[in-house]
Amino acid sequence: MRPSRLLVSALLAVLVAPGVSAAAPSRRPRVDPEAMREAIDAGSTDEGRYASSASYTNYLQSRLKHHAGDHRGAVDALRLALATDDGNPLLLTRLGEEYARLGDLTRAERELRRAVLRAPAYYPAHVLLGRVLTESKRFARARLHLRRAVTLKPREPEAYLVLTQLHLEMGAPDEAVKVVDALALALPGEASGYQRLGLALAERGDTARAERLLVEAAARAPGDVEVLTALAQLYEDTGRPVQAEESLARALERDPDSREVLLGAGRAALKAGSAVRARAYFDRLLSLSSEPEMPVRVAFSYLAAREPRAAAEVLEAARRGDHADPRLAYYAGLVHERMRRFADAAEAFAGVPAEADVYADARLRRARCLSLLGEHSRALTLFRAAMQESPADVEVRMQFARALERGGTPNRAELLLREGLSAGPSAALYDALAATLHRQGRGREALTLLREAVARFPRDEDLLYVLGAAHERQGDVTGALARMRAVLAVSPDHAAALNFLGYLLAQAGQNLDEAERRVRRALELRPDTGAYLDSLGWVYFRRGDYARAVDALERASMLAPDEPVILEHLGDAYQRVARTDDAAAVWRRALEVLTLDPESAEPPGQRAALERKLNALPTRAPDR
């Protein structure tokens, strides 16, 4: 029995539904030759033919279970269907698919091979078998079946796309490009091959190939938002914000209310130097969204572009809204804190209600801001409340101790940290105690404390790292280098130790090739880390490659806009490439940050060093 009668009956039931006349005259639809050809091709295989109504019923049951995510149940239903319809290529292919979804590639391959033996011209079985063999890393056999599928249906994209993925898995991107070019010849209006391969290559960092393919995809599908946004990201990653904004503007023509595209366009406009266009994108975005996180994302976009006033305006406007979410006070506090506006941050954090899920963190941050402002009594009251509620919280204990030290009671700070260590070893607490002792002029005592801890826990990579940092604080570069190498002996991919080692080598002017190798590995482990890019820039600087130093340090400054050490290094690099005005600007910005937050100085005498550099700059003669 063929199911076509069932389908015709179902269609008639729809056509004669209430309010619709089955005999009503209708305009004959335009004939679609391609659709007719595909129907004829399908009819030439066993797809759609069933040996019995029971087989068809069980097949339908399998599809229901498939769509419900019950792939084991789908397997059982397909087994029942095959009991009365053995060798049906459609059923075998579906069974192979269900096994593949269950992760059983061996059974999936077995059923798909039965399907292609039963019906050698059955396109879906060849494609799925190609997928399964690719997943099993059996590339040669997979390629055979996928090429067979392309031969069977040269105008069907799926086999081309799987074959493209196969070549990527094999590490042969040029062959993958040839496949999508072949798809483009077979289907002149098809963009999916260029789109998918372009996106995959962009993710792999192959920007040159990715750009060509995505440009071609955008030409074939001018309104495809995904392609245009991917192309914009590629332009942004390669330092072309103007092209990035243009691509996103084209995406907005198709989808003017896309929040992510509006946010990206605003960021690109800022990088391109147009605050006016950026504000237009951001205003549109904020008018569409009532989510409290959105003003924060806009604010941090402004901060990354060094527009702190605009960032503050966005958050304050959101807080004044009719339905302001209490979390906005928390986010506003974060932005003010990052700007080192500690009074504004403390006021914002105070607006977070006790029932909010971020209240504990807001209170802790408020206490720190008050401590930095010198309002010790208010700060310590908040810290005591936090300690009472979370006595085992290491971060609370460390910040409370630092506040006690700022307030003039370092002995109480030391006692608080030692009490925490008596409850259980913690590398973070050891680091805090060692730093406290160092600030009190007791650096040797700090080193003894840490050596004893490492003797008890010789393979604790974090303790080894803390000991290395303590050696560096004491000016013992040789000891610091040795300890960082000890960290890497225990944990070769300890990103912070790799970076620290590379930076110390660069600072000492030693082994710059090793320094670069170490820092680059740290960046592989934690990409887009401002401190690590700063280290890389400093390696270039010490090597005398000032142009590359500027590039790396500018990227570091974009990721961490107000870090004094990065700003100082960037100014040093600008000076070496004769960009004196730029050097003076970033050095002054570093001094502004140090005025707001003296504790961020690195080393402690950084402020005086910056002032000497500025004073040493040649003064310009006034314009006549």
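Residues numbered from 1 in each chain as written. Predicted model: local features only at pLDDT ≥ 70, side-chain atom pairs only at ≥ 80, totals over all residues. Heavy atoms only, no water.

**Comments concerning the overall build of the chain**
When you go through the chain residue by residue, the secondary structure sums to 35 helices and zero strands. Relative to the globule expectation of 25 Å for 624 residues, the C-alpha radius of gyration of the chain, 33 Å, shows a markedly less compact shape. The C-alpha extent of the chain, read off along each of the three principal axes, is 95 × 70 × 55 Å. Expressed as a percentage of the 624 residues in the chain, the buried residues total 46%. In the chain, 49% of the contacts between residues at least 6 apart in sequence involve partners at least 24 apart. Summing over all exposed atoms, the chain offers an accessible surface of approximately 31800 Å²; the carbon and sulfur share of this is 51%. Charged side chains in the chain number 89 positive and 88 negative. The centres of these two groups are separated by 3 Å. (Helix = DSSP H or I, 4+ residues; strand = E, 2+ residues; numbered from the N terminus. Rg over C-alpha atoms; globule rule 2.2 N^0.38 Å. Buried < 20%, exposed > 50% of the residue type's maximum accessible area, 1.4 Å probe, protein only. Contact = heavy atoms within 4.5 Å. Areas by Shrake-Rupley, 256 points an atom, 1.4 Å probe, with all protein chains shown as cover. Lys, Arg positive; Asp, Glu negative; His and termini not counted. Charge placed at Lys NZ, Arg CZ, Asp CG, Glu CD.)

**Focus on the pattern of salt bridges**
Considering all chains together, one arrives at 57 salt bridges under this definition. One salt bridge connects Glu236 with Lys271, and the closest N-O pair in it is separated by 2.4 Å. Of this pair, Glu236 sits in helix H13 (residues 225-237) while Lys271 sits in helix H15 (residues 259-271), and the two are 35 residues apart along the sequence. Classification of Glu236 by relative accessible area gives partly exposed; the value is 23%. Between Arg368 and Glu337 there is a salt bridge, and its shortest N-O distance comes to 3.6 Å. Remark: Glu337 occurs in helix H19 (residues 327-338) and Arg368 occurs in helix H21 (residues 359-372); sequence separation between them is 31 residues. When its relative accessible area of 11% is taken as the criterion, Glu337 is described as buried. A single network of salt bridges, built from pairs that share partners, joins Arg79, Asp86, Arg110, Glu111 and Arg114. (Salt bridge = Lys/Arg side-chain N within 4 Å of Asp/Glu carboxyl O.)

**A few points about the confidence of the model for the chain**
Segments scoring low in pLDDT should not have their predicted coordinates read at a detailed level. Model confidence for the chain is summarised by a mean pLDDT of 86, while 91% of its residues fall at 70 or above. Counting interchain partners and residues more than four positions distant, the pLDDT-below-50 stretch residues 1-47 has 25 contacts. (pLDDT = per-residue confidence, 0-100.)

**Remarks on unusual backbone geometry**
Going from Glu602 to Pro603, the amide bond is cis rather than trans, its omega being 0 degrees. Looking at the element boundaries, Pro603 is found in the loop between helix H34 (580-596) and helix H35 (606-616). Non-glycine residue Asp528 carries a positive phi angle of around 60 degrees. Along the chain, Asp528 falls in the loop between helix H30 (512-525) and helix H31 (530-543). By relative accessible area, which is 61% here, Asp528 ends up exposed.

**Section: helix H12 (residues 207-220)**
With 14 residues, H12 extends 20 Å between its outermost C-alpha atoms, agreeing within 8% with the 20 Å of an ideal straight helix rising 1.5 Å per residue. Every buried residue of H12 is listed here: Ala210, Leu213, Leu214, Ala217 and Ala218. The arc enclosing the buried residues of H12, seen along the axis, measures out at 140 degrees, which places them on a common side. Of the residues in H12, the exposed ones pointing more than 90 degrees away from the buried face are Ala208 and Ala219. Packed against the buried residues of H12 are helix H10 (173-186), helix H11 (192-203), H13 and helix H14 (241-254). (Expected span 1.5 Å × (residues − 1). Arc of directions from axis to C-beta.)

**Things to note about the packing of aromatic side chains**
Applying the stated criterion to the full structure yields seven aromatic pairs. Centroid distance Tyr330 to Phe349: 6.0 Å. Interplanar angle 55 degrees. Geometry classified as tilted. Remark: Phe349 occurs in helix H20 (residues 342-350) and Tyr330 occurs in helix H19; sequence separation between them is 19 residues. For the pair Tyr330 and Phe349, a shared accessibility class is recorded, and that class is buried. When the ring of Trp538 is compared with that of Phe541, the centres are 4.4 Å apart and the planes differ by 5 degrees; the resulting orientation is stacked. On the criterion of helical spacing, the pair formed by Trp538 and Phe541 is a turn pair, its members being three residues apart in helix H31. Phe541 shares its class with Trp538; the two are buried. Aromatic ring contacts, followed pair by pair, group Tyr330, Tyr331 and Phe349 into a single cluster. (Phe/Tyr/Trp six-rings, centres within 6.5 Å; stacked < 30°, edge-to-face > 60°.)

**Some thoughts on the packing of helix H5 (residues 89-101) against helix H7 (residues 123-135)**
Think of two packed helices as two axes; the pair is described by the angle between the axes and how far apart they sit. Interhelical geometry of H5 versus H7 gives an angle of 20 degrees and a closest axis separation of 10 Å. It follows that H5 is roughly parallel to H7 by the angle criterion. Crossing angle aside, the handedness with which H5 passes H7 is left-handed. Along its contact with H5, which presents Thr93, Gly96, Glu97 and Ala100, the element H7 presents Pro124, Ala125, Leu128 and Val132. (Axes fitted to C-alpha atoms, helices over the stretch in contact; angles between N-to-C directions. Parallel < 35°, antiparallel > 145°, perpendicular 65-115°, else oblique. Left-handed = near helix turned anticlockwise from the far one by under 90°.)

**Details of H20**
For an α-helix, 3.6 residues make a turn, and residues three or four places apart therefore share a direction. Those residues of H20 that fall on the buried side of the exposure criterion are Phe342, Ala345, Ala346, Ala348 and Phe349. Along the axis of H20, the buried positions cluster into a sector of 165 degrees, meaning they face one direction only. Against helix H18 (308-319), H19, H21 and H34 lie the buried residues of H20.

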